[in-house]
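# Structural description and commentary
What follows is each chain in one-letter form.
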Amino acid sequence: MRIACSAAAVLLLALVACSGDQAPTPAVAMPAASAAASTTVGGATLQASTVAIADLNATVAGRYGIDLAEEGVLLLVTVRDSAGNGIDPGDLRLTATAGTLAEAPKPLDLRAISTDGMTDYIGVFRAVAPASVHFRLSAARSGARADIATTAELQPR
């Protein structure tokens, strides 16, 4: 489990920190819109992580088809085995909802992304800062079921 969490954290940091060939810029102290939660279902470990769209670089946003001009939060769900290795999601079924304190949760579309034997799922929830964004993920695999709930704090830039 610790390896899976570490792998997800490294992936999340790579999404946020990759700057291509641009010179690094000084860090600005600002609360991040990140949160993480995990569960195991049918032998698969799921790690749900969030990151503010504003924290993504252009390369990652372009690869995932995310418009950096809009505000919101990216939900990343990784699917790994107990050692943190990529696995075939098989019959995994994911459903997600997202919402802010001011609105009822809405269904959140999740898109599968497969790279180098790893399958991840992403969903984007549009919200204007400041906002507390609540995510609820339900997973079913091989007859087992599990839920994940997490909250991300979206701060003004």
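The notes below deal with the structure included here. (Residues numbered from 1 in each chain as written. Predicted model: local features only at pLDDT ≥ 70, side-chain atom pairs only at ≥ 80, totals over all residues. Heavy atoms only, no water.)

### Thoughts on the environment of alanine 104
Inspection of the secondary structure assignment puts alanine 104 in the loop between strand 4 (93-100) and strand 5 (106-107). Sequence separation between alanine 104 and histidine 134 is 30 residues, and the spatial gap between their C-alpha atoms is 9.9 Å. (Helix = DSSP H or I, 4+ residues; strand = E, 2+ residues; numbered from the N terminus.)

### Observations regarding the sheet that holds strand 5
Spatially, 5-4-8-9 is the arrangement adopted by the four strands of the open sheet, whose pairing is antiparallel. Among the strands making up the open sheet, the edge pair consists of strand 5 and strand 9 (144-154). Where strand 4 lies against strand 8 (residues 131-141), eight bridges are found, and the strand directions are antiparallel. Its bridge partner lying in strand 8, threonine 100 is registered against valine 133. (Pairing = 2+ DSSP bridges.)

### Considerations on the environment of isoleucine 113
Within the secondary structure layout, isoleucine 113 lies in strand 6 (residues 111-115). For isoleucine 113 and threonine 78, which are 35 residues apart along the polypeptide, the C-alpha to C-alpha distance reads 9.6 Å. Those residues in contact with isoleucine 113, other than ones at most four positions away along the chain, are Tyr64, Met118, Thr119, Asp120 and Ile122. (Contact = heavy atoms within 4.5 Å.)

### Focus on the pairing of strand 1 (residues 36-41)
Regular strands show a simple pattern: their side chains alternate between the two faces of the sheet. Alternating residues of strand 1 divide into Ala37, Thr39 and Val41, all buried, and Ala36, Ser38 and Thr40, none buried. Hairpin connection of strand 1 to strand 2 (residues 44-52): two residues between the antiparallel strands, including glycine 42 at a positive phi of 55°. (Buried < 20%, exposed > 50% of the residue type's maximum accessible area, 1.4 Å probe, protein only.)

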